[in-house]
Amino acid sequence: MIHFFLNDNTRVLALQTETALTEDRSEALSWLFNNAKKIDPSDAFLKGWFIGPRREMVTPWSTVAVEICENMNIHGIVRMEAFFPAQQDSVYDPMLQEMVHGLDEQVFQTGRVPEPVREIDDIAAYNLSEGLALNPEEVDYLEQLSKKLDRPLTDSEIFGFSQVNSEHCRHKIFNGTFVLNGEKQPYTLFEMIRNTSRMNPNRIVSAYKDNCAFIEGPRDHVFFIPQYPHKPGLFHTQKHDTVISLKAETHNFPTTVEPFNGAATGSGGEIRDRIAGGKASFPIAGTAVYMTSYPRLKGGLQRSEGRSWMYHTPEDILTKASDGASDFGNKFGQPLICGSLLCFEHIEGVHRFGYDKVIMLAGGVGYARREDALKEKPQQGDKMVLLGGDNYRIGMGGGAVSSVATGEFGNAIELNAV
């Protein structure tokens, strides 16, 4: 069911619920929404133009708002979004928002149904049409696999292979064998990096094998924790040896295409990885690094000649990306405490160099109990549980699209990947 609350004719809150709202729940929501008035779906005010979130994408604001309602014992709310009155020609961000003419019971309906599984006969053509960035050797491998299985591969099988085998995920260049002047080199690039910690392990507890790295932390650290994890009780103290988590994650391509959410999910990704480090870990503070071409700020250091940007100007990227990275951290209670910025452009003859594809590096530190720093090894017979929700293409196609030059696939596929 869909319910609408109106805030002083400046904002409409649309709620999707599993059941009808009782009078006491409606009063509680009205108070929560700063005395917003519950209005009937047939109200004339709802017949105009509104700007709101894309119906396919549940916003982080909705997730937080629904959780607040759950904590107030207002159960059964599925989604909650804010819509703002607008004119038909009002400016909005098509990446995140859409213009809606009239709010009704279909406000969250996409009209989309899952597509049937497709069998792919021409893998090379599918690779090009979907922007999967498979090289000829990989296409040949999949064609031979299809013959071995004596059946066509499905679209999901090819799509999944393109992501897990992408440069983004497998680091094929970093893990690849190098031959220089006809001689095979003793180390791959990744092995050279790992060799640093092998030669100087110092206080390293875990590195290059988990979602984040751990070094030794304070011993006999005092934890202030609840007595029971599942019911009310007193708090007490416990002493544990600890480890300090360290993590950095780049989000260059997404931040170039959609700065706010690209940087936000970069920050969120490294928070996720530090939480997933070992058996359980805690995030504490975040950092962010940006490298762009000159932003051409008024009165600042700049190049005089004009530039054409594929997606956003450096000034827009720096403003929106900084807001996005901080915003995601704030939602998890993690402050973004420091960072750095490098702007660079250089002209050499007819060539122009610069960070037009932004470098966005999200980092952070946290801690865990020493006994939780290392994961157990899986054993035969263990059961696996996969957790997750709706997955947009950033979680899948982004691995392939970010592995090629920005602009190679055109805006349609690149925007879809973010």
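Quick summary incoming for the structure in this document.

The rules we used
Note that residues are indexed from 1 along each chain, following the sequence as it is written. The predicted origin of the model limits local features to residues at a pLDDT of at least 70 and limits the giving and counting of side-chain atom pairs to 80 or more, whereas totals for whole chains, interfaces and linings rest on all residues. As a rule here, side-chain values cover all heavy atoms of the structure and leave hydrogens and water aside. Only when DSSP finds a minimum of two bridges between them are two strands counted as paired. The numbering of helices and of strands both runs from the N terminus, where a helix is a DSSP run of H or I of at least 4 residues and a strand a run of E of at least 2. Multiply 1.5 Å by the residue count of a helix minus one, and that product is the helix's expected span. Throughout, a contact is declared for two residues whenever any of their heavy atoms are within 4.5 Å. Only C-alpha atoms enter the line fits that serve as axes; for helices the fit covers just the stretch in contact. Angles between N-to-C directions range over 0 to 180 degrees. Only residues whose relative accessible area exceeds 30% and that form no salt bridge enter a patch; like-charged residues are grouped when within 9 Å of one another, and nonpolar side chains (Val, Leu, Ile, Met, Phe, Trp, Tyr) when within 5 Å. For accessible areas, the Shrake-Rupley method is used with a probe of radius 1.4 Å. Any residue's cover is judged against the shown protein chains and nothing else. Salt bridge, as applied in this entry: a Lys or Arg side-chain nitrogen positioned within 4 Å of an Asp or Glu carboxyl oxygen. Each residue is assigned to one of three classes by its accessible area relative to the maximum for its type, calculated with a 1.4 Å probe on protein chains only: buried under 20%, partly exposed between the two thresholds, exposed over 50%. Should the near helix be turned anticlockwise from the far one by less than a right angle, the crossing is termed left-handed; should it be turned clockwise, right-handed. Polar here means any residue outside two lists: the nonpolar Ala, Val, Leu, Ile, Met, Phe, Trp, Tyr, Cys and Pro, and the charged Asp, Glu, Lys and Arg; Gly therefore counts as polar.

As paired elements, strand E15 (residues 242-250) and strand E20 (residues 359-369) share nine bridges and run antiparallel to each other. In the sheet register, Glu249 faces E20, and the bridge partner there is Ala362. Of the pairings in the sheet, the one linking strand E16 (residues 282-292) to E20 comprises nine bridges and is antiparallel in character. Considered in E20, the bridge of Gly286 is made with Gly364.

A few words now on helix H2 (residues 60-71). An ideal rise of 1.5 Å per residue puts 16 Å on 12 residues; H2 measures up with 17 Å between its terminal C-alpha atoms. On its buried face, H2 sits against helix H1 (23-32) and strand E5 (77-86). After H2 finishes, the residue Asn73 shows a positive phi value of roughly 65°.

Turning next to the sheet that holds strand E3 (residues 37-39). Spatial ordering of the open sheet is given by E3-E1-E2-E5-E4-E6, a layout of six strands whose pairing is antiparallel. Only two strands of the sheet have a single partner each, and these edge strands are E3 and strand E6 (97-101). When strand polarity is set aside, the average angle formed by the axes of neighbouring strands in this sheet is 35°. One ladder, built from three bridges, connects strand E4 (residues 49-53) with E5; its direction is antiparallel. When the bridges of E5 are listed, Ile51 appears paired with Phe84. Packing of H1 onto the sheet brings it into contact with strand E1 (2-7), strand E2 (11-17), E3 and E5, and relative to E1 it is tilted by some 40°.

Take a nonpolar patch on the surface next. Residues Ile173, Phe174, Tyr187, Leu189, Met192, Ile193 and Tyr208 make up a contiguous nonpolar surface patch of roughly 630 Å² in combined accessible area. Sorting the residues of the nonpolar patch by element identifies helix H7 (172-175) and helix H8 (189-199) as the ones contributing at least two each. If you tally residues by element for the nonpolar patch, the top one is H8, at three residues. On the accessibility criterion, Tyr208 (41% relative accessible area) is partly exposed.

On to the packing of helix H10 (residues 259-275) against helix H11 (residues 314-331). Remark: H10 packs on H11, axes separated minimally by 7 Å, with the N-to-C direction vectors making an angle of 35°. In this structure, the crossing between H10 and H11 has a hand that is right-handed. Between H10 and H11, the residues in contact are Pro259, Phe260, Ala263, Ala264, Ser267, Gly268 and Ile271 and Ile317, Lys320, Ala321, Asp323, Gly324, Ala325, Asp327, Phe328 and Gly329, respectively. Class assignment for the residues of the contact of H10 with H11 results in nine nonpolar, four polar and three charged.

Time to look at the pattern of salt bridges. Within the structure shown, the criterion is met by 16 salt bridges. A salt bridge links Arg54 to Glu56; the nearest nitrogen and oxygen atoms lie 3.7 Å apart. On the basis of relative accessibility, which here comes to 28%, the residue Arg54 falls in the partly exposed class. Arg219 is paired through a salt bridge with Asp241; the nearest N and O atoms lie 3.5 Å apart. On the criterion of sequence distance, the pair formed by Arg219 in the loop between strand E12 (213-216) and strand E13 (221-226) and Asp241 in the loop between strand E14 (235-240) and E15 is long-range, its members being 22 residues apart. The partly exposed category is assigned to Asp241, whose relative accessible area is 27%. Here the salt bridges share partners, and the residues they tie into one network are Lys247, Glu249, Arg272 and Asp273.

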